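Observations on chain architecture
Here is how the chains run, residue by residue.
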Amino acid sequence: MFPVMEVVVEHQAARVALQSPVRARRVCKICAGPGIVVLHQIRGTAYYYCASCDFLQNFHLEDQRGAGATPQEENDEARARLWSAGDQAAMQTKGWEILGLMSSPLAWTSRSVHAALKKIPAYDQWYKDRARKKFRRLLDFGCGHGVIVFELRKKGFDCTGLDPFSPVLDPHIYRTPLLEMRFPEEAYDGIFSIETMEHIPNVIETYQELHRILRPGGMLLVQTRRLEDPDYQNEREQWFYLQEPATHVSVYSETSMRRIAAKTGFRSVRFRGVKFARFEK
Ligand SMILES: [Zn+2]
């Protein structure tokens, strides 16, 4: 009986030993500054805020690793929770919307003007042609089921997807973490990332790598809810984006994205609404 007791005590001690160093090194994931403060507590997970970066972050994934969960367990859990089949028809038109946001200046200056012009066949054709010319090699970073990847491939783009949590087995879908892929430098003309960046814990390394694999003049289009969202301003802890603290670990703002762009070599970053950001190399 005694040996069993000892094993339990040792196991608990090992857990504490594993977790303590992680807790002691809490710094902002963007600026590495130690001045981060707990702003929200959502179901036992603390969201830390860096006033210097205007960036909201939690350390759930780091703590989970410290507590001994294997990457495989994390992947299985996330895959089961994150990906349902989605609305196929809506996703099919999404590909062109994304390319419009990359290639057409009008899509950025006025959403309503762009939407109205898209109904004119000549304009619609113009931005599709422009997209085909400028962004032939595309990466969907966080592609999920790859619906947009396959749709754009049908339209003649050399589009691949990357998502360690993708349930799809296909040669054009990489199920390997970005930093392990070792893509060649300047491999892509354009990268888009839909509802993915909020799941990224290693923020700077990720943007650095995306910058490295983009050609000069290439663009990274990011869709993730930002802190400027009026829903966050009104609802705070009740905001739906904070209700998934286990996976929504990074919540950005215009300021934090500008900081990231400057730190990782992007020439500029432009914003539309509270969801879209376009990083230009
Ligand atoms: Zn910071």
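Keep in mind it's a predicted model, so treat the numbers as computed, not measured.

Rules of the game
Once a new chain begins, its residue numbering starts again from 1 and follows that chain's sequence as written. Local features are withheld for residues below a pLDDT of 70 in this predicted model, meaning they are given only at 70 or higher, and side-chain atom pairs are given and counted only at 80 or more; totals for whole chains, interfaces and linings count all residues. Strands are runs of DSSP state E lasting at least 2 residues, helices are runs of H or I lasting at least 4, and numbering of each runs from the N terminus. Using C-beta atoms placed from the backbone, we call a residue buried if 20 or more other C-beta atoms fall within 10 Å of its own, exposed if 12 or fewer do, and partly exposed for counts in between. By the criterion used throughout, residues are in contact when their C-beta atoms, derived from the backbone, lie within 7 Å. A set of buried residues drawn from Ala, Val, Leu, Ile, Met, Phe, Trp, Tyr and Cys, joined through C-beta atoms within 7 Å, is what defines a nonpolar core. Pairing between two strands is assigned when DSSP locates at least 2 bridges connecting them. The convention used is that axes are lines fitted to C-alpha atoms, helices contributing only their stretch in contact, and that angles between N-to-C directions extend from 0 to 180 degrees.

**Some thoughts on the overall build of the protein**
Within the protein one finds 12 helices and 11 strands. Across the 281 residues that make up the protein, the buried fraction comes to 33%. Counting only contacts in the protein whose residues sit at least 6 apart along the sequence, the fraction spanning at least 24 positions is 62%.

**Looking at the nonpolar core**
Grouped together as the largest cluster of nonpolar side chains are 55 residues, with contacts concentrated most on M102, I191, L220 and L221. Once you skip the residues sitting within four places of it in the chain, L221 turns out to touch I98, L101, M102, F192, F276 and R278.

**Quick look at the pairing of strand 2 (residues 45-50)**
Pairing of strand 1 (residues 36-42) with strand 2 involves 6 bridges; the strand directions are antiparallel. Its bridge partner lying in strand 2, H40 is registered against Y47. In terms of strand pairing, strand 2 meets strand 3 (residues 55-57) through 3 bridges, oriented antiparallel. Counted as the bridge partner of Y48 is Q57 from strand 3. Counting the residues in the hairpin turn of strand 2 and strand 3 gives 4 residues, including D54, whose phi is positive at 55°.

**Regarding the sheet that holds strand 9 (residues 250-251)**
The 4 strands are arranged 1-2-3-9 in an open sheet whose pairing can be described as antiparallel. In this open sheet, the two edge strands, each paired with only one partner strand, are strand 1 and strand 9.

**Re the sheet that holds strand 7 (residues 188-194)**
Pairing between the strands of a sheet is mediated by backbone hydrogen bonds and can be parallel or antiparallel. Across the sheet, 7 strands lie side by side as 6-5-4-7-8-11-10; this open sheet has mixed pairing. Here the strands that pair on one side only, and so sit at the sheet edges, are strand 6 (173-174) and strand 10 (268-272). Two strands pair when backbone bridges link them, and strand 7 and strand 8 (residues 214-223) are joined in this way by 6 bridges, in the parallel orientation. The partner of I191 across the bridge, within strand 8, is L220. Most of the contacts of helix 12 (residues 254-264) go to strand 10, to which it runs at about 155°, and overall it touches strand 10 and strand 11 (276-280).

**Section: the environment of I191**
The topology assignment puts I191 in strand 7. C-beta crowding within 10 Å serves as the criterion here: with 25 such atoms nearby, I191 is assigned to the buried category. Along the sequence, I191 and F135 sit 56 residues apart, while their C-alpha atoms lie 8.9 Å from each other. Setting aside residues no more than four positions away along its own chain, I191 makes contact with L139, F141, L210, L214 and L220.

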